[in-house]
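So you can see what is in the structure, the chains are spelled out below.
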Amino acid sequence: MEQKNQITEGVIWKQLLIFFFPIVIGTFFQQVYNTADSIVVGRFVGKEALAAVSGSVNQIVTLIVEVFVGLTSGASVIIAQFYGAKDHKNLNRTLHTAYAFAIVTGAIVGLIGFWITEKVLIAMKTPSELMADSVIYLHIYFCGMIFNIVYNMGASILRAVGDSRRPLYVLIMTCGLNIFFDIMLVVFLKMGVMGVAIATVSCQGISACMVTWILIKGNSLFRLKIREIRFYMASLQSVLRIGIPAALEATMYTIANLIIQIFVNGLGTDTVAAWGTFAKIDAIYWMVVNSFGIAITTFVGQNYGAGKIQRMRKSVKICLLMSYGAAILVSAALYGFAEPLYRLFTTDSNVVRIGADMMHFLLPSYFMYVVIGILSGALRGAGRVLVPMLLTCGGVCLIRIAWMFGVFPVYSGIKTIMLSYPVSWGITAVLFIIYYFKKFPKTEEQILQ
C-alpha cells in the first residue's frame, strides 16, 4: 500500500510544525556551525581575528552561499511539484541533473573565488590589519566550495520531498565535529584563523558525503545513482527557470549588504566587529522566519503538483500566523539579552556597547520582513518567481543602495546605515501583499497559465 503524503493530505498546521521544527533546529546547528568560528577566534585570538572572520569575509561567504541556495531552490521546487504529482520519471531526472549542476558549479566557483579573493577584499576597503587573516580564511574556504554546494543541494532535495529530519541529523553531527576541530586547531595548536577555516571546510566535506549517501540509499520513488549523474536538458531548464531568479534575488540582497559593509568598514574596527557579530546573533531570528519560508515553499510546491489550490492558500494563511507569533517572541528575547549575547563573542566593552545599541535600534522593526519571507516562499512554490524577484531587488536591494549613496553622505553614522533596513522592508512588504492577492493561484485553471 502506498504511503499517504501528509503534506498534501494531513492537518496543515500540524504538518507545517512537523516539517518546520527539523528545519529550524537544523538551521540553528548550521548557525552554531558558523558562529563557532567567530566565538573561538574572538575569545582565544583577539578582536582583529573576530573582525576578519565576521566582517568582509562573512559578507563574501554569505553572498556565495545565498546565491547557490537560491539556485538549489529551483531544484527543490521542481522536485516538490513532481513528487506531489507522483511523476517518477521527471523526479529522478531532476535529481540527477541537480547533482551534476552542484558538482560542476562548485568546482568552477571554487577556482574563480580562490583567484579573485584579494581583489575583492581590496575593493571592499577591508582594513589593512584584517587583510592577511581574511585572505587565508577565504582561500581555504574556496578550496572546499564543492562540498558546500553539494551539501546544500542534497539537503534541499530531501526537504522538497518532505524529509526535513535527516538533514538535521547530518548538521547535528557535523556541528559537533566543527566545534571540536575549532578548539583543537585554534586553542591547542594555535593555528588562528587558518584553524577555523580548515575545521569548517573539513566538516562541509563530511556533511556533503553524508547527505549524498542518504540520497543513494533512497526509497522506492527516487534514488540517486552515481553513474546516472548527468544533465537532462529539460530538467536543467526547469531548475534554472526557478533557480536563476531566486539566485539573482539572493545576489542583490547580498550585494546590497556588501555595499553596506564597505560603509561600515570606514567606521573603525570596533564597529566592524560589532556589526559582523550582530549578523551572527540575529541569525537566530532569520533562521526561524526562513525556515517557515522553506516549509511553505515545499507545502505549496507539492500541493501545486497535486492540484490542491485551496489547500495551498490555506497553508499560506496558517504559515503567516505561525511565523508572526514566532518572530515576535524571538526578536523580543534578542532585544532583552543583547549585552549577554555579545559577551559570548568578545570581552571588549566598547564592541559590546556598540553591538547592543545596534540590536536595540533594529530589532523592533524586524516583524516587517515576515510578509516578504513567507509570501516569497509561497509564490516560488507555485512557480511565480520573476516578479517576486523584481520586487525584492527593487524594493529591498536598490532602495538600500540608493540610501547609502544618497542619505549616508549627508547624515553619516551607523544609525543612518541601520535605518535603511526598516525603510526597505516596509516598502517591499506592501508590494508583496498586492502581488500575492493579484497573482497567487485561486483556481485549478491558473496552474496551467
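Residues numbered from 1 in each chain as written. Predicted model: local features only at pLDDT ≥ 70, side-chain atom pairs only at ≥ 80, totals over all residues. Heavy atoms only, no water.

- An unreviewed UniProt entry lists the protein under the name Probable multidrug resistance protein NorM, with Blautia obeum as the source organism.
- The record held by UniProt for the protein lists under Sequence similarities (unreviewed entry) the comment "Belongs to the multi antimicrobial extrusion (MATE) (TC 2.A.66.1) family."
- Per its UniProt entry, the protein bears the Subcellular location (unreviewed entry) comment "Cell membrane". (UniProt positions renumbered as here; feature names shortened; annotations may be inferred.)

1. Describing the overall build of the protein
Phase 1 of the analysis: Helix and strand counts for the protein stand at 18 helices and zero strands.
Phase 2 of the analysis: Since a compact globule built from 449 residues should have a radius of gyration of about 22 Å, the 21 Å found for the protein is in line with a globular shape.
Phase 3 of the analysis: By principal-axis analysis of the C-alpha atoms, the protein measures approximately 60 × 45 × 35 Å.
Phase 4 of the analysis: Expressed as a percentage of the 449 residues in the protein, the buried residues total 58%.
Phase 5 of the analysis: Here the contacts in the protein between residues at least 6 apart in sequence split such that 84% fall between residues at least 24 apart. (Helix = DSSP H or I, 4+ residues; strand = E, 2+ residues; numbered from the N terminus. Rg over C-alpha atoms; globule rule 2.2 N^0.38 Å. Buried < 20%, exposed > 50% of the residue type's maximum accessible area, 1.4 Å probe, protein only. Contact = heavy atoms within 4.5 Å.)

2. Focus on the packing of aromatic side chains
Phase 1 of the analysis: One pass over the structure, following the stated rule, counts 20 aromatic pairs.
Phase 2 of the analysis: Ring geometry for Tyr421 and Trp425: centres 5.8 Å apart, planes at 65 degrees, overall edge-to-face. Pair noted here: Tyr421 and Trp425 are both in helix H18 (residues 414–439), with a separation of four residues, about one helical turn.
Phase 3 of the analysis: Residue Tyr421 is classed as buried on the basis of its relative accessible area, which comes to 11%.
Phase 4 of the analysis: Judged by its relative accessible area of 2%, Trp425 is buried.
Phase 5 of the analysis: Pairing Tyr436 with Phe437 gives two aromatic rings, centres 5.6 Å apart and planes at 80 degrees, and the pair type is edge-to-face.
Phase 6 of the analysis: Given the relative accessible area of 6%, Tyr436 is considered buried.
Phase 7 of the analysis: With a relative accessible area of 54%, Phe437 lands in the exposed category. (Phe/Tyr/Trp six-rings, centres within 6.5 Å; stacked < 30°, edge-to-face > 60°.)

3. Some details on the side chain of Gln81
Phase 1 of the analysis: As for its position among the elements, Gln81 is in helix H4 (residues 56–85).
Phase 2 of the analysis: With sequence-adjacent residues up to four places away left out, Gln81 is seen in contact with Gly301, Tyr304, Gly305, Gly381, Ala382 and Gly383.

4. Here's the deal with the pattern of salt bridges
Phase 1 of the analysis: Tallied over the full model, the rule gives four salt bridges.
Phase 2 of the analysis: Of the charged contacts, one joins Arg166 and Asp163 as a salt bridge, the two residues approaching to 2.7 Å between their closest N and O atoms.
Phase 3 of the analysis: Relative accessible area serves as the criterion here: at 33%, Arg166 is assigned to the partly exposed category.
Phase 4 of the analysis: The class of Asp163 is buried, set by a relative accessible area of 15%.
Phase 5 of the analysis: A salt bridge links Glu339 to Arg343, with the shortest nitrogen-to-oxygen separation between them at 3.9 Å. Of this pair, Glu339 and Arg343 both sit in helix H14 (residues 338–343), four residues apart, which is roughly one turn of that helix.
Phase 6 of the analysis: Note on Glu339: relative accessible area 39%, which makes it partly exposed. (Salt bridge = Lys/Arg side-chain N within 4 Å of Asp/Glu carboxyl O.)

5. What to know about the domain arrangement of the protein
Phase 1 of the analysis: By the assigned domains, the protein splits into domain 1 (7–231) and domain 2 (250–442).
Phase 2 of the analysis: Between the C-alpha centres of domain 1 and domain 2 the distance comes to 20 Å.
Phase 3 of the analysis: Tallying the contact residues gives 52 residues for domain 1 and 50 residues for domain 2.
Phase 4 of the analysis: Contact between domain 1 and domain 2 buries roughly 4400 Å² in total, counting both sides, with carbon and sulfur atoms accounting for 69%.
Phase 5 of the analysis: Taken together, domain 1 and domain 2 are joined by zero salt bridges.
Phase 6 of the analysis: Here domain 1 and domain 2 share four residue pairs in polar contact (both at pLDDT 80 or more) between them.
Phase 7 of the analysis: Mapped by element, the contributors of at least two residues to the side of domain 1 that touches domain 2 are helix H1 (6–9), helix H2 (12–44), helix H3 (47–54), H4 and helix H7 (145–160).
Phase 8 of the analysis: Residue classes in the side of domain 1 that touches domain 2 are distributed as 25 nonpolar, 20 polar and seven charged. (Domains from an automatic or database assignment. Buried area = accessible area lost by both parts, 1.4 Å probe. Polar contact = N/O pair within 3.5 Å; in protein donor to acceptor, adjacent residues only side chain to side chain. Nonpolar A, V, L, I, M, F, W, Y, C, P; charged D, E, K, R; others polar.)

6. Some words on the packing of helix H15 (residues 349–362) against H18
Phase 1 of the analysis: Close contact between H15 and H18 brings their axes to 10 Å; oriented N to C, the two are set at 35 degrees. Crossing angle aside, the handedness with which H15 passes H18 is right-handed. For the pair H15 and H18, the contacting residues are Met358, Phe361 and Leu362 in the first and Ile414, Lys415, Met418, Leu419, Tyr421 and Pro422 in the second.
Phase 2 of the analysis: For the contact of H15 with H18, the class distribution of residues is eight nonpolar, no polar and one charged. (Axes fitted to C-alpha atoms, helices over the stretch in contact; angles between N-to-C directions. Left-handed = near helix turned anticlockwise from the far one by under 90°.)

7. Some words on the packing of helix H11 (residues 269–281) against H15
Phase 1 of the analysis: Following both chains from N to C, one finds H11 and H15 inclined at 50 degrees, their axes separated by 9 Å at the closest point. The angle between H11 and H15 falls in the class oblique. Considering the relative orientation of H11 and H15, their crossing is right-handed. Taking contact as the criterion, the partners of Asp270, Thr271, Ala273, Ala274, Trp275, Phe278 and Ile281 in H11 are, on H15, Asn350, Val351, Ile354, Gly355, Met358, Met359 and Leu362.
Phase 2 of the analysis: Of the residues assigned to the contact of H11 with H15, the class counts are ten nonpolar, three polar and one charged. (Parallel < 35°, antiparallel > 145°, perpendicular 65-115°, else oblique.)

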